[in-house]
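Chain residues, written in single-letter form:
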Amino acid sequence: MTLDKARQLDAADPLREMRDRFVLPEGIIYLDGNSLGALPKVTSAHLREIVERQWGADLITSWNRHGWIDWPERIAGKLSPLLGAKPNELLIADSTTVCLFKLLSAAVAGRPGRSTILTQRGNFPTDLYAAEGLIRLHPNLVLKTVGADELPEALGGDVAVLFLTHVDYRSGMRHDMAALNAAAHSVGALTLWDLSHSTGAVELDLNGSGCDLAVGCGYKYLNGGPGAPAFLYVAERLQASLDSPISGWMGHANPFDFGPSFVPADDIRRFLTGTPSILSLAALECGLDTFSGVSCEWIERKAEGLTSFFVEAVETLCGDEVVLASPRDPGLRGSHVVFAHAQGYAVMQALIARGIIGDFRPPNLMRFGFAPLYNSYEDAWLAAEAISQIIHDHSWDRPQFLGRKRVT
Ligand SMILES: Cc1ncc(COP(=O)(O)O)c(C=O)c1O
C-alpha cells in the first residue's frame, strides 16, 4: 500500500480518462460525490445555451421547437443502461421524496386489503417521513420497521409494499435486490427501492431482478447539480394498474385538451404532475451524459477497487484508531465507506480544511464517497494519509473544528 501502488492502479484503470469530463478544483480531493456530484465540464455552457437561445430567444415556442415537453421522458431514457430498465419505464420528476411518496401511495393502493408498509429500521429519514405522511392520510396503514436480517421473515400476507434503500446512506450496506424482490413477490407484495446511493455507483438490473418500483436522486453520482430533480421507475407491467396520488395536468392523457377531470396517460407519463423544471433537466442531462460510453460493469469494478483500496490504506495507516462501519465484503456495499471515530465530526472538519472533502453522519461516522467516474486510487491514498496524520497529531482538536455546522 503506497502512493506508487495507487498510481499503478490508476494507470490500469479503464475509466481513468472520465475524470477529464469534470471540473475538479486544483488542490481538492473530492470524496462526497455520493452527496453532491461534481460539476461536468459541459454543464455551464449548455445551461447558458438553454437560457439564452431557447428561453431567451425562442421563448414559449421552445416547448415544441426544442421538445421541452418531452424532456422528462427523453432525458430519463439516458438512465436506461445504468438501471437495467427500459426507457419507457423511467421519468425525471420532482424530488426523491415526492417521487417516493407518489410511488409508495400508488403501491399501497395497488394492493387493496393489505395494510403494512415494511421497511428497514434506520432507513434514510426522508423515506420514513414520506411513509409517515402517507399514514397520516390513511390511518389504517401501518409502518413496520425491522432490522435488515429480519426482512424476509417480516414479509407476510398483510404487506402491501416492501420499501428499502438499496445502498444504505450511512453504512453503505447493499441489499440483495433480486432475493428481496422474489421474497416480496412470493407473499404478493410490491417492492419500492430508493436507489439514491446506487445509481451511477454500482451495477443495477431492475428488469432482470424483478423490481416493481424505484426512485433515486439526480444530484449524487448522477452529477445533475444541487437539488437536481429525481427519477422514478415503474415496471411496464404495472403502469396501467397504478396511479399517482398527485394527479396533475402533466400526467393527463391529453394535457392540452384542458378537460374538466383527470384521465391518466396510459404510460409512464401518468406519474408526472406539473410543469417540468427545464433548467434543472438541462443540467441533469449533462450529468447523465458523463456516463456515455461507460459500462456498468466497469463502474461496479471501480467502486469495488477504490473502496477496498481505501479501507486497506486507512486500516494500515490508522490501526485501531478508527473502526470500519461498512461491510468488509465489497459485494455487500456500495461505493462509499464509513469509518467510526469518537471525534469523527472534528476529524472530518480538519480534513475539509486540508482540501479533502467527505462528510459526517451521526453519531460518529466519517463518510467517504468514491465516484467511479472521477475519483482515483491516488485520491484514496492521499485521503487515507491525511486521516492518519490528523488522528495521530490530534490536529482535529481545535475550536474551529469542534462546533457543528448546519449541514454536516
Ligand atoms: C437514500 C436517500 N433518499 C433520499 C434522499 C433525498 O431526497 P430529496 O432528493 O427529496 O432531498 C437522500 C439524500 O441524501 C438519500 O440519501
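All of these numbers come straight from a predicted model, not from anything done at the bench.

S.K.: Explain the pattern of salt bridges here, please?
M.R.: Applying the stated criterion to the full structure yields 22 salt bridges. With a closest N to O distance of 2.9 Å, Asp289 and Lys78 form a salt bridge. One end of the pair, Asp289, is in helix H11 (residues 278–289); the other, Lys78, is in the loop between helix H4 (71–76) and helix H5 (80–83), with 211 residues separating them in the sequence. Its relative accessible area of 33% is what places Asp289 among the partly exposed residues. For the salt bridge of Asp212 with Arg237, the shortest nitrogen-to-oxygen distance reads 2.9 Å. Highlighted residues: Asp212 in the loop between strand E8 (190–194) and strand E9 (213–216) and Arg237 in helix H10 (residues 236–239), separated in sequence by 25 residues. Residue class for Asp212 comes out buried when judged on its relative accessible area of 1%. On the basis of relative accessibility, which here comes to 54%, the residue Arg237 falls in the exposed class. Taken together, the shared-partner salt bridges connect Arg74, Lys78, Glu285 and Asp289 into one network.

S.K.: Where do I start with the sheet that holds strand E11 (residues 323–324) in this structure?
M.R.: By definition, the strands of a sheet pair up through backbone hydrogen bonds, in either a parallel or an antiparallel sense. Ordered by their spatial adjacency, 4 strands build an open sheet running E11-E12-E15-E14, and the pairing between neighbours is antiparallel. For this open sheet the edge positions go to E11 and strand E14 (359–361), each flanked by a neighbour on one side alone. Summarising the sheet, strand E12 (residues 336–340) and strand E15 (residues 365–369) pair through 5 bridges and their orientation is antiparallel. The residue bridging Ala340 from the neighbouring strand is Leu365, located in E15. Here helix H12 (residues 296–318) sits on the sheet in contact with E11, E12 and E15, set at roughly 20° to E12. Its contacts with the sheet place helix H13 (residues 344–353) against E14 and E15, and it is angled at close to 40° to E15.

S.K.: Help me understand the packing of aromatic side chains, please; the structure alone is not making it clear to me.
M.R.: Aromatic ring pairs are reported here in terms of the distance separating the ring centres and the angle at which the planes meet. Per the stated rule, a full pass over the model turns up 12 aromatic pairs. Judged by centre distance (5.2 Å) and plane angle (85°), the rings of Trp63 and Trp68 are edge-to-face. The class of Trp68 is buried, set by a relative accessible area of 7%. In textbook terms, an aromatic cluster arises when at least three aromatic residues are bridged by ring pairs, as seen for Phe310, Phe339, Phe368 and Phe370. In this structure, Arg404 packs its charged tip against the face of Tyr345, placed 4.8 Å from the ring centre.

S.K.: Help me understand the pairing of E8, please; the structure alone is not making it clear to me.
M.R.: Each regular strand carries side chains that alternate between the two faces of the sheet. Across the 5 residues that make up E8, a large majority, 5, are buried. Alternating positions in E8 separate into two faces, Leu190, Leu192 and Asp194 on one and Thr191 and Trp193 on the other, with burial throughout. Strand direction decides the pairing type here: strand E7 (residues 159–165) and E8, joined by 5 bridges, are parallel. Among the inter-strand pairings, Leu162 is bridged to a residue of E8, identified as Thr191. Examined bridge by bridge, E8 and E9 share 3 bridges and lie parallel to one another. Among the inter-strand pairings, Trp193 is bridged to a residue of E9, identified as Ala214.

S.K.: What exactly am I supposed to notice about the pairing of E12 here?
M.R.: The buried count for E12 comes to 5 of 5 residues, which makes it a mostly enclosed element. Taking every second residue as pointing to the same face, both faces of E12 are buried, with His336, Val338 and Ala340 on one and Val337 and Phe339 on the other. Pairing between E11 and E12: 2 bridges, direction antiparallel. Each bridged residue has a counterpart across the sheet, and for Leu324 the counterpart in E12 is Phe339.

S.K.: Please explain the site of the ligand as it appears in this structure.
M.R.: With respect to spatial proximity, 13 residues lie near the ligand, and among them Thr97, Asp194, His197, Tyr219 and Lys220 are the closest. Within the side chain of Tyr219, one N or O atom sits 2.9 Å away from an oxygen atom of the ligand. Between the ligand and the protein, one listed contact pairs an oxygen atom with a side-chain N or O atom of Lys220 at 2.6 Å. Expressed as a share of its isolated accessible area of 400 Å², the protein-covered part of the ligand is 84%. A molecule is said to occupy a pocket when more than half its atoms come within 2 Å of that pocket's grid points, and by this definition the ligand occupies the largest pocket. Contributing elements (two or more residues each) for the shell around the ligand: helix H6 (96–109) and helix H7 (125–137). When its residues are assigned to classes, the shell around the ligand shows 3 nonpolar, 7 polar and 3 charged.

S.K.: In this structure, what is going on with the environment of Asp266? I would like to understand it.
M.R.: By the element assignment, Asp266 lies in the loop between H10 and H11. The spatial distance from the C-alpha of Asp266 to the C-alpha of Gln239 is 7.6 Å, given a sequence separation of 27 residues.

S.K.: I'm lost on the sheet that holds E9 in this one. Help?
M.R.: As summarised here, the arrangement of the 7 strands in space is E4-E10-E9-E8-E7-E5-E6, forming an open sheet in which the pairing is mixed. Of all the strands in the sheet, just strand E4 (90–93) and strand E6 (142–146) have a single pairing partner and so form its edges. Each strand of the sheet is rotated relative to its neighbour by a mean of 20°, with strand direction disregarded. Note: E4 against strand E10 (residues 230–234), 4 bridges, orientation antiparallel. Bridge assignment links Ala93 to a residue of E10, and that residue is Ala230. Of the strands in this sheet, E7 and E8 are in contact with helix H9 (residues 177–186), which crosses E8 at around 150°.

Cut-offs used in this document
- Residues numbered from 1 in each chain as written.
- Predicted model: local features only at pLDDT ≥ 70, side-chain atom pairs only at ≥ 80, totals over all residues.
- Heavy atoms only, no water.
- Salt bridge = Lys/Arg side-chain N within 4 Å of Asp/Glu carboxyl O.
- Helix = DSSP H or I, 4+ residues; strand = E, 2+ residues; numbered from the N terminus.
- Buried < 20%, exposed > 50% of the residue type's maximum accessible area, 1.4 Å probe, protein only.
- Pairing = 2+ DSSP bridges.
- Contact = heavy atoms within 4.5 Å.
- Axes fitted to C-alpha atoms, helices over the stretch in contact; angles between N-to-C directions.
- Phe/Tyr/Trp six-rings, centres within 6.5 Å; stacked < 30°, edge-to-face > 60°.
- Lys NZ or Arg CZ within 6 Å of the ring centre and 35° of its normal.
- Near = heavy atom within 4 Å.
- Polar contact = N/O pair within 3.5 Å; in protein donor to acceptor, adjacent residues only side chain to side chain.
- Areas by Shrake-Rupley, 256 points an atom, 1.4 Å probe, with all protein chains shown as cover.
- 1 Å grid on protein atoms, 1.4 Å probe; cavity = no way out; pocket = protein on both sides within 12 Å on 5 of 7 lines; lining within 4 Å.
- Sits in = over half its atoms within 2 Å of the grid points.
- Nonpolar A, V, L, I, M, F, W, Y, C, P; charged D, E, K, R; others polar.

In short, geometric facts, not functional conclusions.
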